Amino acid sequence: MEMLHLEEVMEELRESFRSWKTRSAEWRKTQLRGLERLLQEKEREIYNALDEDLGKHHTEAYRDEIGILVKSLNLFLSSLDDWMASKKVHVPVIAFPTTGEVVPEPLGVVLIFSSWNFPFGLALDPLIGAIAAGNAAVLKPSEIAPACSSFLAKNIPLYLDNKAIKVIEGGVPIAERLLENKWDKIFFTGNARVGRIIMSAAAKHLTPVTLELGGKCPAILDHFSSLRDRTVVAVKRIVSGKWCLCSGQACVGVDYLLVEEKHASEVIEFIKDWLKKYYGDDPQKSHSLSRIVNKHHFRRLQKLIEDPLVAASIVHGGSMDEKNLFIEPTILLDPPLDAEIMTEEIFGPFLPIITLKKIEDSIEFINSKPRALSLYVFTKDKTFQKQVIAKTSSGSVTVNDTIIQFACDTLPFGGIGESGFGKYHGKFSFDAFSHGKAVLRRSLLNEMSFGYPPWNDYKLRFLRAAYNFDYIALFLLLIGLKRN
Ligand code: NAD
């Protein structure tokens, strides 16, 4: 895209925002309904694009992307009027007589970068938030999922207001070109290295950012003593949180598993059982296992297990087929902790199991690493649950399951530290793209003299009362008025 063209696009977006049309509830709802129609009418094409880019099964695609978007649209359409309404707030006596409210207003023209692993979910969910909050927006889908990116570029203009919502396709050069412009918000999903680039570009214009990044999400599996059935269910959910989401290419996927030494071999057997149930004897023939997105990521993953010490720790799987971008679900037992597989986010179908003497040691282990996007703990011990929640820091903690927190739009979704900052999903998405403007309305009657010079100790006493006792002090203030 020529610079001139991009400038025109920016001007058109700004003009749309300045025209005030994006602020009306009607415009916002029309766009959200347009997205709803797009998902309904083009569902089959969406599955085809996801299959082409990632070999994602359409049921998995519905569970992780389309279904979540449909649910999100339902929530936004039913809640929008309430979210758009200004909210009255309590006003302290120091400002009496006054009313106060928070008025949500759109930020302006926003830029959304999405990542390739959930090319619809991670592009459209933030876009829903941006539209609902009344912004004009540009979506830059990831070039690494080209079929999905081109689907979005072709179809969004058919269903949404093309003067206020644009899809701009391209790789790094286009991303850099976009970043040269002044935006009112940048919402980025991707890795932390690029997150830093986004943030420094945004800093030039004082543009606020939300960074949805990744990292290594740990799972802790406590021993369920005699409750074998519970362990089996726990392991099932861990297997699902590792491999059943785009073959491990998921920001919230389980990166590694912490178990007590003495239970490791039993856990490995349970994992193997579930893998067999899910993907059969030959997982390469299974249609339920996504493929690695491209050769670059295939080789990146291949390199992670090339180190002889890491290769020696493989206890299951390890086979690969570059032509078909297939990597078998692979389990590693105690790979070296300084190997890349334990220092970098895996983002693929390898599960390192790290053994500990006592499960309580998992807290120290996790705290020695950068803060994760999600943390999973499987235990029936309520004290241990509380300890994990209180003594670790991560974007979220899920007890006795994996991934499901991502689908709960009443919870904020986002990271902390290396896993990013800013929150979205449900009302948090609306807030992420809104400015809560403080509005105070004061009466011109009843002037309180204690707030103005000439100063004296008497006024100081009333100020102390007002700041410390709020409305209880009102009475005193009113008496004070008479004496000043
Ligand atoms: P990616 O390579 O598709 O990059 C994401 C976006 O950044 C794309 O739009 C891309 O064009 C853009 N980009 C890439 N290089 C750039 C540059 N130099 N300058 C400007 N823009 C650039 O995706 P990825 O980074 O490979 O995605 C995987 C990472 O994203 C993992 O770390 C994963 O954990 C994280 N992730 C986080 C979430 C979340 O919701 N928190 C979701 C999915 C993925």
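Everything that follows concerns the structure shown earlier in this document.
Quick notes on the rules
- Residues numbered from 1 in each chain as written.
- Predicted model: local features only at pLDDT ≥ 70, side-chain atom pairs only at ≥ 80, totals over all residues.
- Heavy atoms only, no water.
- Near = heavy atom within 4 Å.
- Polar contact = N/O pair within 3.5 Å; in protein donor to acceptor, adjacent residues only side chain to side chain.
- Areas by Shrake-Rupley, 256 points an atom, 1.4 Å probe, with all protein chains shown as cover.
- Helix = DSSP H or I, 4+ residues; strand = E, 2+ residues; numbered from the N terminus.
- Nonpolar A, V, L, I, M, F, W, Y, C, P; charged D, E, K, R; others polar.
- Domains from an automatic or database assignment.
- Phe/Tyr/Trp six-rings, centres within 6.5 Å; stacked < 30°, edge-to-face > 60°.
- Buried < 20%, exposed > 50% of the residue type's maximum accessible area, 1.4 Å probe, protein only.
- Pairing = 2+ DSSP bridges.

Enquirer: Help me understand the site of the ligand in this model?
Expert: Neighbouring the ligand are 27 residues; K140, S142, E143, N191 and E345 lie closest to it. Taking E345, its side chain carries an N or O atom lying 2.5 Å from an oxygen atom of the ligand. Protein burial of the ligand: of its 850 Å² of free accessible surface, 95% is covered by the chains. Within the residue set of the shell around the ligand, elements represented by two or more residues are α7 (172-180), β6 (185-189) and α8 (192-204). Its residues assigned to classes, the shell around the ligand comprises 15 nonpolar, 8 polar and 4 charged. Two domains each provide a minimum of three residues to the shell around the ligand, namely domain 1 (3-213 + 426-436) and domain 2 (218-414).

Enquirer: Looking at this structure, I do not really get the packing of aromatic side chains. What am I missing?
Expert: Any pair of aromatic rings gets described here by the distance separating the centres and the angle formed by the planes. All told, the structure shown has 13 aromatic pairs when counted by the stated rule. Aromatic side chains F76 and W83 sit 5.0 Å apart centroid to centroid with 90° between the ring planes, which places their arrangement in the edge-to-face category. When sorted by exposure, F76 lands in the same class as W83, which is buried. Measuring from centroid to centroid gives 5.6 Å for F187 and F433, while their planes differ by 25°, and the two rings are stacked. One end of the pair, F187, is in strand β6; the other, F433, is in the loop between α16 (427-432) and β18 (434-442), and 246 residues separate them in sequence. For F187, a relative accessible area of 0% corresponds to the buried category. Look at F433 and you get buried, because its relative accessible area is 0%.

Enquirer: Whenever I open this one, the pairing of strand β13 (residues 330-333) confuses me. Can you help?
Expert: Strand residues, when the strand is regular, have side chains that alternate between the two faces of the sheet. Pairing analysis gives 2 bridges linking strand β10 (residues 314-316) to β13, with the strands arranged antiparallel. Residue pairing for β13: H316 is matched across the bridge by I331.

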